[in-house]
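Read off the chains here:
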Amino acid sequence: MAAQTDRAVDPLLAPLRAGDRRALAQAITLVESTRADHRQRADALLASLLPHTGKSVRLGITGVPGVGKSTFIERFGLSLIERGRSLAVLAIDPSSKRGGGSILGDKTRMEELSRRPAAFIRPSPAGTTLGGVARRTRETMLLAEAAGFDTVIVETVGVGQSETAVADMVDMFIVLLLPGGGDDLQGIKRGVIELADLIVVNKADGDLKATAQRSASDYQHALRMLRSPTAGWTPEVTTCSALSGEGVVAIWATIERFLQAVGEKGLARRRAEQARAWMWNEVGETLLTELRRNPEVRKLVPGLEREVEAARTTPAAAARLMLKAFHAR
């Protein structure tokens, strides 16, 4: 007990709790690090901050490339700040294959929002994590909450497996669509639509306004045939123009109705389920990392890959040989 009492307090703890943006950025860099000593320090810092998390509204936003996610988030974020709220945007960027860093640069795409003291924008490289979601996005969200941001938006790379991962870490999942998507839903898989708590048809302005309204009606009809992803809430469809701002402010009212419909108990239950899933996801990611680092497994990999590529053995059999070598250590 004495050792726990005497444990040094992380120097980032106090300034981060005070809302210092530099301390928040440093803490995020710390949790994103793969160094063992950084991981240990990050775990201790997060444990200290955990009682100060969970008070924000967590939103996930996705959409096909070209739908205007960044423009929408900036316009929406500015409207939240005008209401007296604060906003952290965690944008998961495609990773550079050479350097591993973010390549889209959301701070340049949300220039006006990034200058506001009540906003914090952090692009993070997706890295090699399955689904294109940064492995430490959940922890980054906790850090933003501990720093006092009452709204957290996770913006995904695009459409794909990342949507499922993001839907499993937020309170409400929002899908942005273009007008006139057609029967194929603009290439968006039905599974993504099934995850949506709110569909927003963007670019509802000028010549596209009438098309956007028809699209919204079509999507609303399609949603009636799908099961709601959130108990107590029927998914809705609306239109907006991120360019002009029309319809953007009203989206917050929809979010408030969603939170009221789900209720505090429903939200707590959802977050508890997400925390449990997060734990097992972390187990899987950690085990895979350890497997790849194992020296005996690394010796086997080149040969097994050649065998699989030449169809001389099955991927399942090769995987079992790797696991056998891993367990034999």
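Reading the values: the criteria
- Residues numbered from 1 in each chain as written.
- Predicted model: local features only at pLDDT ≥ 70, side-chain atom pairs only at ≥ 80, totals over all residues.
- Heavy atoms only, no water.
- Axes fitted to C-alpha atoms, helices over the stretch in contact; angles between N-to-C directions.
- Helix = DSSP H or I, 4+ residues; strand = E, 2+ residues; numbered from the N terminus.
- Parallel < 35°, antiparallel > 145°, perpendicular 65-115°, else oblique.
- Left-handed = near helix turned anticlockwise from the far one by under 90°.
- Contact = heavy atoms within 4.5 Å.
- Core = buried A, V, L, I, M, F, W, Y, C linked by side-chain atoms within 4.5 Å.
- Buried < 20%, exposed > 50% of the residue type's maximum accessible area, 1.4 Å probe, protein only.
- Expected span 1.5 Å × (residues − 1).
- Polar contact = N/O pair within 3.5 Å; in protein donor to acceptor, adjacent residues only side chain to side chain.
- Pairing = 2+ DSSP bridges.

Right, let's talk about the packing of helix H4 (residues 36–49) against helix H8 (residues 137–146) for a bit. Where H4 meets H8, the axes come as close as 10 Å, and the angle between the chain directions of the two elements is 45°. Taken together, H4 and H8 sit at an angle that is classed as oblique. Classified by chirality, the crossing of H8 by H4 is left-handed. Between H4 and H8, the residues in contact are Arg-39, Leu-46 and Leu-49 and Glu-139, Leu-142, Leu-143 and Ala-146, respectively.

Right, let's get into the nonpolar core. Core analysis: the biggest nonpolar cluster contains 45 residues, and Leu-16, Leu-24, Leu-143 and Ile-199 have the highest contact counts within it. No other element matches helix H3 (residues 21–32), which puts six residues into this core. If sequence neighbours within four positions are ignored, Leu-24 has contacts with Leu-16, Phe-120, Leu-143, Ala-144, Ala-147 and Phe-149. Core analysis: the next-biggest nonpolar cluster, separate from the first, contains 33 residues, Val-57, Leu-87, Trp-233 and Ile-255 among them.

Across its twelve residues, H3 extends 17 Å between first and last C-alpha, which sits within 8% of the 16 Å expected from 1.5 Å per residue. In this structure Asp-20 caps H3, since a side-chain oxygen of it lies 2.9 Å from the backbone nitrogen of Arg-22.

By the criterion of burial, strand S4 (residues 151–155) is predominantly enclosed, with five of the five residues buried. Strand direction decides the pairing type here: strand S1 (residues 57–63) and S4, joined by five bridges, are parallel. The partner of Ile-61 across the bridge, within S4, is Glu-155.

Let's shift gears to the pairing of strand S5 (residues 172–177). Summarising burial for S5: six of the six residues are buried, a large majority. The side-chain alternation of S5 yields two buried faces, one formed by Met-172, Ile-174 and Leu-176 and the other by Phe-173, Val-175 and Leu-177. Pairing geometry for S1 and S5, over five bridges, is parallel. Directly across from Gly-60, in S5, lies its bridge partner Phe-173. The sheet contact formed by S5 and strand S6 (residues 198–201) spans four bridges and is parallel. Directly across from Ile-174, in S6, lies its bridge partner Leu-198.

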